[in-house]
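Here is what each chain is made of, one letter per residue.
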Amino acid sequence: MEKRTFLAIALSMLILFAWSALLPKPKPHSPSIPTTSEKSEKVVIAPVVPESAQSAAALIIEQEKQEIAFIETQAAIKEVVFKDYQSSRFRLERGFFLNEPNLNFARNNSSSPDKIVFSASDGAKRVVKTFTFHKYNYTIELDIENQNISDQNITVNPQLSLGVLNFSGDQNQARFQDITVGQADKALHPSAHKDSSFPNVQFLALRDRYFCGIIEPMGNNNYTGFIKKISPQESEVGLIAAQITLLPGQKTNQRFRIYLGPQDLQIIKQAKLEWSAVMYYGTFDFIAHLLLQLIEFIYRLVHNWGLAIIVLSVLIYFMLYPLSIKQMRSMKEMQALQPRIEELKKAHKDNPQKLNKEIMELYREHKVNPLGGCLPMILQIPIFFALYQALIRSIALKGARFLWIKDLSKPDSLFSLPASFPVKEINLLPILMMLIMLVQQKITSRNLAGSGSSEQQKLMLILMPVMFLFIFYAMPAGLVLYWLVNSILMLVYQFKMNRQE
């Protein structure tokens, strides 16, 4: 098989992977069977909150960096608005809601600017929930006190919801929602679409594209985490404590540490190192974290995220430069053998097995590796997808400007088109990338004139940039900028090699 056929396969793989990355996560049509991790524990899930309670007026608590909207009757957090991030919203729906359907909370007079207290009673017990805010690091301490106010023993089985994931909205945003379960020796990233439980939870987290909520029990690891589908498009995530018996007048306290903030690795590490497991990027997680740390280091030098991406692209290109030289030499060796291969094709046109054997013998005789030229492209695939995951979730790129680009986390959108047009806006970066790829492919196609399959390959070389335009058109401008710079560097290198011939 010719080298260019392998190149076409590699490019096709890149296209398929990129298209898969852009597609929303599949949504199950029916609830899944509950599963457990390590050992089974009965998980009793809180009932769905009545619509009247959900629609109650929110109690807004102003803090230094955020506004927190509480549902007072539930003593639960509905959403958080982050002032430093274009007033972006992070919805929990009913964060830190207790499975106590008979409790109707009210704000306590003991509240202060840095603390809000809710209390409720159902006749048998009194529950006090205290949220203590820390101004500068997005952390909150939650204390829950249960007191037996009856004259008989009672049992409490505290169940605390971290929040609800809703997959019914914009799929471009919903697909970024996922869950992290921290245990003593590992962090799990289970499906949010399946009922599950996890014993001995150290911390539990959920996130959307840019923000996350983390809860960690303090002083007691006897908690079970759960995921429960409460509707076809909603899953609740939370913690269940072991059952406790309270004597008359007896109290029990639960304490939790909470993080409600941006997915910024440095901020999360400052809160607690182990919580950084929340920032998970899938298959290429390790590479994504390396690239993220590298680009953040570059940013501290150049003070612009667009420039940082350009420098990163240049650095990666020169890291792969020795392989690029090997790729070009392999191409030249393959081209030099092309006349011999054409002769073999004519001589063995009726015997494909003999033809393949002779071609492989020819490669061995001249020490040519037909796969040698594909290595740089193959190595670019994990880098590309790791960078895609890192940049598309990067809170730092949200609202970051560069040249005409208003937001590096979105398509660059030079200007909008009338509603009657099939394309809503003109994105300049992917168009420039396609033009540069066309020039590069035009130069490459000059070397195919002597090949019997040159017409098919020339057609592929024309179609490839168009396909890349289609794939990259709606991608974040930061990622397209990276690939554009890489394409420019490859074009410059190709011009240089052609002049040396």
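Computed from a predicted model, the values in this text were never measured in an experiment.

**Q** Go over the overall build of the protein chain with me, naming the residues and quoting the values.
**A** Looking only at helices and strands, the protein chain features 13 helices and 22 strands. Considering the protein chain as a whole, with its 501 residues, one finds that 51% of them fall into the buried category. Accessible area of the protein chain: about 24,200 Å², with a carbon and sulfur share of 57%.

**Q** How would you summarise the nonpolar core if you had to cite specific residues and measurements?
**A** A general feature of soluble globular proteins is that nonpolar side chains tend to end up buried together. Judged by nonpolar contacts, the single largest core of 110 residues is most densely connected at Phe70, Phe96 and Phe131. It is helix H13 (residues 477-500) that contributes the most residues to this core, eleven residues altogether. Residues in contact with Phe131, not counting those within four places in the same chain, are Phe70, Ala75, Ile77, Phe96, Asp114, Lys115, Ile116, Phe118, Ile140, Glu141 and Leu142. Counting six residues, the second largest nonpolar core, distinct from the first, contains Ile341, Leu344, Leu355 and Leu362.

**Q** Outline the pairing of strand E5 (residues 88-95), listing residues and values.
**A** Direction of pairing for strand E4 (residues 76-82) relative to E5: antiparallel, over a ladder of five bridges. For Val80, the partnering residue across the bridge sits in E5 and is Phe90. Between E4 and E5, which follow one another and run antiparallel, lie five residues, and Gln86 among them has a positive phi close to 55 degrees.

**Q** Could you give an account of the sheet that holds strand E3 (residues 66-71), naming the residues involved and the relevant values?
**A** Within a beta sheet, neighbouring strands are joined by backbone hydrogen bonds and run either parallel or antiparallel to one another. Ordered by their spatial adjacency, four strands build an open sheet running E2-E3-E4-E5, and the pairing between neighbours is antiparallel. Unpaired on one side and paired on the other, strand E2 (58-62) and E5 mark the two borders of the sheet. Shown here is a sheet whose adjacent strand axes are inclined to one another by a mean of 20 degrees, direction ignored.

**Q** So, the packing of aromatic side chains: which residues are in play, and what are the values?
**A** What the rule picks out here adds up to 20 aromatic pairs. Their ring planes at 25 degrees and their centres at 6.3 Å tell us that Phe468 and Trp483 sit as a pair that is stacked. Remark: Trp483 occurs in helix H13 and Phe468 occurs in helix H12 (residues 454-472); sequence separation between them is 15 residues. For the residue pair Phe468 and Trp483, the accessibility class agrees, reading buried in each case. Feature note: the residues Phe82, Tyr85, Tyr138, Phe211, Tyr259 and Trp275 constitute an aromatic cluster, connected by ring pairs.

**Q** Tell me about the pairing of strand E15 (residues 203-207), and please be specific about residues and values.
**A** The buried count for E15 comes to five of five residues, which makes it a mostly enclosed element. With burial as the criterion, each face of E15 is covered, one bearing Phe203, Ala205 and Arg207 and the other bearing Leu204 and Leu206. Looking at chain direction, strand E12 (residues 178-182) and E15 are connected through five bridges and run antiparallel. Following the sheet pairing, Gly182 is matched in E15 by Phe203. The pairing of E15 with strand E16 (residues 211-217) spans four bridges and is antiparallel.

**Q** Before we move on, can you summarise the sheet that holds strand E6 (residues 106-107) with the specific residues and values?
**A** The nine strands are arranged E6-E7-E8-E9-E20-E16-E15-E12-E13 in an open sheet whose pairing can be described as antiparallel. Of all strands in the sheet, those bounded by a partner on one side alone are E6 and strand E13 (187-188). Sheet topology note: the strand E9 (residues 139-148)/strand E20 (residues 251-262) ladder contains nine bridges and is antiparallel. In the strand pairing of E20, Ile144 is matched with Gln254.

**Q** Account for the side chain of Arg207, with residues named and values stated.
**A** With respect to the helices and strands, Arg207 occurs in strand E15. Polar side-chain contacts of Arg207 include one of 2.7 Å to the side chain of Gln263. Reaching out from Arg207, the side chain makes a polar contact with the backbone oxygen of Tyr280 at a distance of 2.5 Å. Each residue touching Arg207, except ones within four places of it in the same chain, is listed here: Phe90, Leu165, Phe176, Gln177, Asp178, Cys212, Gln263, Val278, Met279, Tyr280 and Arg393.

**Q** Which residues make up the confidence of the model for the protein chain, and what values do they have?
**A** For the protein chain, per-residue confidence averages 79 on the pLDDT scale, and residues scoring 70 or more make up 77% of the total. Within the model, the stretch residues 1-13 combines pLDDT values under 50 with 33 contacts to residues more than four positions away or in other chains. A low-confidence stretch, residues 19-54 stays under pLDDT 50, and its non-local contacts, those more than four residues away or across chains, total 72 contacts.

**Q** Describe in detail unusual backbone geometry, supporting the description with residues and values.
**A** The backbone of Gln86 sits at a positive phi, close to 55 degrees, despite the residue not being glycine. Phi at Leu403 takes a positive value of approximately 55 degrees, unusual for a residue other than glycine. With respect to the secondary-structure elements, Leu403 resides in the loop between helix H10 (375-392) and strand E21 (415-416).

**Q** I'd like a description of the packing of helix H5 (residues 285-302) against helix H6 (residues 305-319), backed by residues and values.
**A** Two numbers describe how H5 lies on H6: the axes approach to 8 Å, and their chain directions differ by 125 degrees. By the criterion of interaxial angle, the relationship of H5 to H6 is oblique. When the axes of H5 and H6 are compared, the crossing they make is right-handed. Contacts from Leu291, Leu294, Ile295, Glu296, Ile298, Tyr299 and Val302 in H5 reach Trp305, Leu307, Ala308, Ile309, Val311, Leu312, Leu315 and Ile316 in H6. Partitioned by chemical class, the residues of the contact of H5 with H6 number 14 nonpolar, no polar and one charged.

**Q** Can you break down helix H9 (residues 352-365) residue by residue, with the values?
**A** An ideal rise of 1.5 Å per residue puts 20 Å on 14 residues; H9 measures up with 20 Å between its terminal C-alpha atoms. Buried within H9 are the following residues: Leu355, Ile359, Leu362 and Tyr363. Down the axis of H9, the buried set is contained in an arc of 100 degrees. They therefore lie on one face. Opposite the buried face of H9, at more than 90 degrees from it, the exposed residues are Gln353, Lys357, Arg364 and Glu365.

Scoring rules and cut-offs
Residues numbered from 1 in each chain as written. Predicted model: local features only at pLDDT ≥ 70, side-chain atom pairs only at ≥ 80, totals over all residues. Heavy atoms only, no water. Helix = DSSP H or I, 4+ residues; strand = E, 2+ residues; numbered from the N terminus. Buried < 20%, exposed > 50% of the residue type's maximum accessible area, 1.4 Å probe, protein only. Areas by Shrake-Rupley, 256 points an atom, 1.4 Å probe, with all protein chains shown as cover. Core = buried A, V, L, I, M, F, W, Y, C linked by side-chain atoms within 4.5 Å. Contact = heavy atoms within 4.5 Å. Pairing = 2+ DSSP bridges. Axes fitted to C-alpha atoms, helices over the stretch in contact; angles between N-to-C directions. Phe/Tyr/Trp six-rings, centres within 6.5 Å; stacked < 30°, edge-to-face > 60°. Polar contact = N/O pair within 3.5 Å; in protein donor to acceptor, adjacent residues only side chain to side chain. pLDDT = per-residue confidence, 0-100. Parallel < 35°, antiparallel > 145°, perpendicular 65-115°, else oblique. Left-handed = near helix turned anticlockwise from the far one by under 90°. Nonpolar A, V, L, I, M, F, W, Y, C, P; charged D, E, K, R; others polar. Expected span 1.5 Å × (residues − 1). Arc of directions from axis to C-beta.

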